[in-house]
Amino acid sequence: MTSPTEPTTAVDTPADPRRGTLVGAVAVLLWATLATLTALSGDIPPFQLLAMSFALAFLVGVALWVFEGRRASVRPSLLDRFRLPAAAWALGIYGLFGYHFAYFTAMRLAPPVEAGLINYLWPLLIVVFAGFLPEEQLRGRQVAGALMGFAGAALIVTRGQGVYVDPRYVPGYLFAVAAGVIWASYSVLSRRARGVPTSAVGAFCAATAVLALVCHLLLEHTVRPSPGEWLAVIGLGLGPVGAAFYAWDYGVKRGNIQTLGTLAYSIPLLSTALLVALGLAEATWALAAAAALIAGGAALASFRR
């Protein structure tokens, strides 16, 4: 997926994939703050929030471009950064905008608990899809670990209670399935696009911000954030909707993608733990059980003889 016009600032693949896995794990930690920062952002409509946060994520990319430019012998112009292969553009927009569009639509058309649980199939799908990559092999312990992680995530999302599937919400459930499939396939396909530098995520963030702005203008009413809500938006744009995507891209391209898929199940656990620490949620038995399942699943999936 490279072309003569592609910037030549890609970082070489390190010999030890542990570095890539650790960088990818940073994205998991950042995504754990998503629920808290989203709650603190108030009543900003979803697509407006998406446009604002991805605009800030684009600025994170600009900072990365400046940093890379100082290290490169030939400094690409800003326009060169957007001269990417058509396949790279399609993959980036498919992953970043496609996932969030499907996710937000699912949250509107179905109860958040059920939609969120279905969406959290994506870490399991990453483990399964990655098994079809040429350099990867799907092992039973990885599937078992991913299933343990899904069980832990289910406990967090459902709070240890049952899930009722109402036929009225089938469209929302389908969008939740689509969101999970989109993010899992985007992550695995990014592994095949190692020739596209991680800094290209900045261009994808810019395109996502523009598309989200169009959706906002067509579907929502603009809300003016308060100073506190602005701080939450800035936190989103620099963290879980900013640096996290760059770290995840680096991780899935250069780390152990199946381990990252299993580690992703810790997101709802860490997110809930943060809410508990801030007094925004209550600690329960389900939280403790989920911690054991997710930690055990991650250890099992990443075990090496």
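Chains are numbered independently. Their residues run from 1 in the order of the written sequence. A pLDDT threshold of at least 70 governs which residues receive local features in this predicted model, and a stricter bar of 80 or more applies before side-chain atom pairs are shown or counted, although totals over entire chains, interfaces and linings include all residues. The basis for the side-chain values is all heavy atoms of the structure; hydrogens and waters are excluded.

1. Overview of the overall build of the chain
Here is the rule: Numbering of helices and strands runs from the N terminus, with a helix taken as a DSSP run of H or I at least four residues long and a strand as a DSSP run of E at least two residues long. Using a 1.4 Å probe on the protein chains alone, a residue whose accessible area is under 20% of its type maximum counts as buried, one over 50% counts as exposed, and one in between counts as partly exposed. Here, residues are in contact when the closest pair of their heavy atoms is within 4.5 Å. To measure how exposed things are, a 1.4 Å probe is used in the Shrake-Rupley method; for residues, cover is taken only from the protein chains shown.
When helices and strands are counted, the chain shows 14 helices and 0 strands. For the chain, the proportion of its 305 residues judged to be buried stands at 50%. Within the chain, contacts between residues separated by at least 24 positions form 90% of all contacts whose residues are at least 6 apart in sequence. Total accessible area on the chain is roughly 14200 Å²; 69% of this is exposed by carbon and sulfur atoms.

2. Regarding helix H11 (residues 227-254)
Given 3.6 residues per helical turn, the α-helix brings residues three or four places apart onto the same face. Where we set the bar: A helix is expected to span 1.5 Å for every residue after the first. Bend, in this description, refers to the angle at a residue between axes fitted to the seven residues ending there and the seven starting there.
Helix length check: H11, at 28 residues, gives a terminal C-alpha distance of 39 Å against a target of 40 Å (1.5 Å per residue), a fit within 8%. In H11, a bend of some 45° at Leu236 exceeds every other bend along the element, and Pro240, a proline, comes one to four places later. Burial of H11 is extensive: 20 of the 28 residues sit out of reach of the surface.

3. Description of the nonpolar core
Applied cut-off: Take the buried residues of types Ala, Val, Leu, Ile, Met, Phe, Trp, Tyr and Cys, join any two whose side-chain atoms come within 4.5 Å, and each joined set is a nonpolar core.
In terms of nonpolar packing, the biggest core is built from 62 residues, with Trp31, Phe54, Leu96, Trp122, Trp183, Phe245 and Trp248 touching the most fellow members. Sort the elements by how many residues they give to this core and H11 lands first, with 9 residues. Apart from the residues within four sequence positions on either side, Trp183 is in contact with Trp31, Gly95, Leu96, Tyr99, Trp122, Phe245 and Trp248. Within the second largest apolar cluster, 5 residues are counted, among which are Ala106, Ala115, Tyr173 and Ala176.

4. Some thoughts on the environment of Phe82
By the element assignment, Phe82 lies in the loop between helix H4 (78-81) and helix H5 (86-109). The partly exposed category is assigned to Phe82, whose relative accessible area is 27%. Along the backbone, Phe82 and Ala203 are 121 residues apart, and their C-alpha atoms lie at a distance of 5.9 Å. Among all residues touching Phe82, those that are not within four sequence positions of it are Phe58, Trp65, Trp89, Ala203 and Ala206.

5. Regarding the pattern of salt bridges
Stated precisely, the cut-off is as follows: For salt bridges, the criterion is a side-chain nitrogen of Lys or Arg within 4 Å of an Asp or Glu carboxyl oxygen.
With the rule as written, the count across this model stands at 1 salt bridge. Here Lys253 and Asp249 are joined by a salt bridge, their closest N and O atoms 3.1 Å apart. Taken together, the residues span about one helical turn, with Lys253 and Asp249 both in helix H11 at a distance of 4 residues. Take Lys253: its relative accessible area is 2%, and that puts it in the buried class. Judged by relative accessible area, which is 5%, Asp249 ranks as buried.

6. Observations concerning empty space enclosed by the protein
Our working rule: A cavity, in this analysis, means grid points on a 1 Å lattice covering only the protein atoms where a 1.4 Å probe fits yet has no way out; a pocket is instead an open set bounded by protein on both sides within 12 Å along at least five of seven lines, and a residue lines either one if it has an atom within 4 Å of a point. Grid points are joined across faces, edges and corners, and a volume is the space filled by probe spheres set on the points. In this classification, the charged set is Asp, Glu, Lys and Arg, the nonpolar set is Ala, Val, Leu, Ile, Met, Phe, Trp, Tyr, Cys and Pro, and all remaining amino acids, among them Gly, are polar.
Inspection of the entire model under this criterion finds 2 cavities of 30 Å³ or more. One number sums up the size of the largest cavity: a volume of about 70 Å³. In this structure, the largest cavity is lined by 11 residues; those nearest its centre are Leu91, Ser190, Phe204, Asp249 and Lys253. Grouping the amino acids of the lining of the largest cavity by side-chain chemistry returns 7 nonpolar, 2 polar and 2 charged.

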